Amino acid sequence: MFLADLHIHSRYSRATSKTCAPETLDHAARKKGLQLIGTGDFTHPAWRRELSEKLMPAEQGFYRLKDELILPCETALQGPAPRFVLSSEISCIYKKNGRTRKVHLLILVSSLEKAEVLSKKLEAIGNLHSDGRLILGLDSKDLLELTLETCPDAIFIPAHIWTPHFSLFGAYSGFDTIEECFEDLTPQIHALETGLSSDPPMNWRLEALDRYTLVSNSDAHSPANLAREANLFDTEFSYSAISHALAHPETQEFFGTLEFFPEEGKYHYDGHRNCGICLSPEQTIALGGICPVCGKRLTVGVSHRVEELADHSLGRRAPFAKHFESIMPLSEALSSCLGYSVSSLKTRNLQELLAREIGPELYILREAPLEQIKEKAGPLVAEGIRRLRTKEMLAQPGYDGAYGKIQLIDEQERASLQGQLSFFKITPSKPSAKQAVPPS
């Protein structure tokens, strides 16, 4: 079994961290506990050149960072060096059936050479230098056809399919069916990326998605956000094996996913961020889709769009449904447990301590014995991780581009255990009003 995050970005994409380099991505993957990560942005010439200089071939279709570039990592239980697979997200903006479409698509290829050949073909269509996430005025179907003609073994995945503005099913620029988007090439699509604002049970409500493998990736714009979503493969460690697994959901080769709590996603509910209005689909419908503060159209979120297209109620399980677990970044979990801000020195120091003493982040969140966590970080953190694993939390849904919030332990509980925490020399501070999460 191995963990893979296939959709990330380099520092050449807009609104990404300048620290997104092969060395720091490798280092972050080790600290997270990932065995395979996408390179992101292989269509960008400067990034592809950097990848060629800093990576070396490993298993079939995978690469690893050169030994002399590996940064020191003190994470306990370290496994083998993480591998890279060539990946890139492309934004297609075009007119189809009388509407402007904006669809993001994730492409994986099995070598730098194939990435080079495909990029040269795309250079005749769009400007590869302007953004790591290439923007093309090309129909999604035509991009799929060009990709498979150039690289027959390419993996082609519609990205974050529910995001309102840039996705296959997007409320404002997408389609109502996969067939409307890809027409006769629809059988060449085997997997769909569900995105941060939806989880498998939401997608199981659409019978039309039953034949697809539902994948989850971080879409990370910084090394710290790697593995906020990830995939579990139970197969041989190679490009051809993951390709086969994605194309055969009837097997257990693709075992399942690690999921962001969908409520925490930026577009889970409807609303207007500038007006401070967050609404359920039912509330939006009752208001006729109009913001009660400014009178303009509300931004329709993922829950609303799923409700529009669903043919089953929540609770249905798809025939080939896979295992899934809900997680949150360790820094957010520690913050929620102890009341420190996510970026505080105390949170960072405790996170580093746990990494040294217990292991990688995903191991701590999913598998580490609670008694061990309690010994190193105190009872509040142990109780918070227990609640995370059993989904005993409060959620404030995200909306209109604003992330939601997950609360594991509230302020009252934190105060009642403060005496116990002093034994562990961890004294939580009172959270500010900005940090506190109201009940949903």
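Residues numbered from 1 in each chain as written. Predicted model: local features only at pLDDT ≥ 70, side-chain atom pairs only at ≥ 80, totals over all residues. Heavy atoms only, no water.

(A) Examining the confidence of the model for the protein more closely. Overall, the prediction assigns the protein a mean pLDDT of 93, with 95% of residues at 70 or greater. Overall, residues 421–440 carries pLDDT values under 50, and its contacts beyond four positions in sequence, including any with other chains, amount to 37 contacts. (pLDDT = per-residue confidence, 0-100. Contact = heavy atoms within 4.5 Å.)

(B) Seen up close, helix H2 (residues 45–54). Of all 10 residues making up H2, 7 are buried, and the element is well covered by its neighbours. Every buried residue of H2 is accounted for by Pro45, Ala46, Trp47, Arg48, Glu50, Leu51 and Lys54. Next to the buried residues of H2 lie helix H1 (22–32), strand S3 (55–57), strand S4 (63–65), strand S5 (83–96) and helix H3 (112–123). (Buried < 20%, exposed > 50% of the residue type's maximum accessible area, 1.4 Å probe, protein only. Helix = DSSP H or I, 4+ residues; strand = E, 2+ residues; numbered from the N terminus.)

(C) Highlighting the environment of Ile277. Its place among the elements puts Ile277 in strand S14 (residues 277–279). Ignoring anything within four residues of it in the chain, the contact list for Ile277 reads Asp270, Gly271, His272, Cys291, Pro292, Val293, Leu298 and Tyr399.

(D) Examining the packing of aromatic side chains more closely. Following the criterion strictly, the structure yields 9 aromatic pairs and no others. Summarising the aromatic geometry, the rings of Phe2 and Phe237 are spaced 4.8 Å apart at their centres and angled 85 degrees between planes, so their arrangement reads as edge-to-face. Residue Phe2 is located in strand S1 (residues 2–5), and its partner Phe237 is located in the loop between strand S11 (230–233) and helix H7 (239–247); the two are separated by 235 residues in the primary sequence. The class of Phe237 is partly exposed, set by a relative accessible area of 23%. A connected cluster of aromatic rings, assembled from ring pairs, spans Phe2, Phe62, Phe233, Phe237 and Phe254. Between Arg228 and the ring centre of Phe260, over which it is positioned, the NZ or CZ distance is 5.9 Å. (Phe/Tyr/Trp six-rings, centres within 6.5 Å; stacked < 30°, edge-to-face > 60°. Lys NZ or Arg CZ within 6 Å of the ring centre and 35° of its normal.)

(E) Region of the structure containing the state of the cysteines. As enumerated under the stated definition, the model contains 0 disulfides in all. Summary of cysteine pairing: Cys92 is not part of a disulfide, and the nearest cysteine sulfur, belonging to Cys181, is at 8.5 Å. (Disulfide = S-S within 2.5 Å.)

(F) Just the packing of helix H10 (residues 330–338) against helix H11 (residues 345–357), in detail. H11 packs onto H10 with a crossing angle of 120 degrees between their chain directions and a minimal axis gap of 10 Å. Compared by their axis directions, H10 and H11 come out oblique. As H10 packs across H11, the resulting crossing turns out to be right-handed. Every residue of H11 that contacts H10 at Leu330, Ser331, Leu334 and Leu338 is listed here: Thr347, Leu350, Gln351 and Leu354. (Axes fitted to C-alpha atoms, helices over the stretch in contact; angles between N-to-C directions. Parallel < 35°, antiparallel > 145°, perpendicular 65-115°, else oblique. Left-handed = near helix turned anticlockwise from the far one by under 90°.)

(G) Structural detail: the layout of surface pockets. For the second largest pocket, the calculated volume is near 710 Å³. Lining the second largest pocket we find 29 residues, and of these Arg133, His160, Thr163, Asp219 and Lys266 sit closest to its centre. Looking at the lining of the second largest pocket, its residues break down into 9 nonpolar, 13 polar and 7 charged. (1 Å grid on protein atoms, 1.4 Å probe; cavity = no way out; pocket = protein on both sides within 12 Å on 5 of 7 lines; lining within 4 Å. Points joined across faces, edges and corners; volume = space filled by probe spheres on them. Nonpolar A, V, L, I, M, F, W, Y, C, P; charged D, E, K, R; others polar.)

(H) Summary view of the pattern of salt bridges. As enumerated under the stated definition, the model contains 31 salt bridges in all. Residues Arg30 and Asp26 are paired through a salt bridge, measuring 2.7 Å at the closest nitrogen-oxygen approach. Linking Arg30 with Asp26, this pair stays in helix H1, spanning 4 residues, or about one helical turn. Accessibility assignment for this pair places Arg30 and Asp26 in one class, buried. A single salt-bridge network, built from bridges that share partners, covers Lys96, Asp139, Lys141, Glu183 and Asp184. (Salt bridge = Lys/Arg side-chain N within 4 Å of Asp/Glu carboxyl O.)

(I) Here's a closer look at empty space enclosed by the protein. One pass over the full model with this rule turns up 2 cavities of 30 Å³ or more. Quantified by volume, the largest cavity comes out at close to 160 Å³. Lining of the largest cavity is provided by 19 residues; of these, Trp204, Leu214, Phe320, Ala321 and Lys322 occupy positions nearest its centre. Secondary structure elements with two or more residues in the lining of the largest cavity: helix H6 (200–203), strand S10 (213–215), strand S12 (254–260) and strand S15 (323–327). Classifying every residue of the lining of the largest cavity by side-chain character gives 12 nonpolar, 5 polar and 2 charged. Of the pockets and cavities examined, the second largest cavity occupies roughly 50 Å³. Lining the second largest cavity, in full, are Lys32, Ala224, Asn225, Leu226, Ala227, Arg228, Ile327, Met328, Pro329, Glu361, Leu362 and Leu365. The residue inventory of the lining of the second largest cavity, partitioned by class, reads 8 nonpolar, 1 polar and 3 charged.

(J) Looking closely at H10. The buried fraction of H10 is high, at 8 of 9 residues. Every buried residue of H10 is accounted for by Leu330, Ser331, Ala333, Leu334, Ser335, Ser336, Cys337 and Leu338. The first or second residue beyond H10 is Gly339, which carries a positive phi of 90 degrees.

(K) Main features of the packing of H3 against helix H4 (residues 140–150). One way to put it is that H3 packs onto H4 with a least axis distance of 10 Å and a crossing angle of 140 degrees. With respect to each other, H3 and H4 are oriented oblique. For the element pair H3 and H4, the recorded crossing hand is right-handed. Residues Val117, Leu118, Lys121 and Leu122 of H3 touch H4, and the partners they reach there are Leu143, Leu146, Thr147 and Thr150. In terms of residue class, the contact of H3 with H4 is built from 5 nonpolar, 2 polar and 1 charged.

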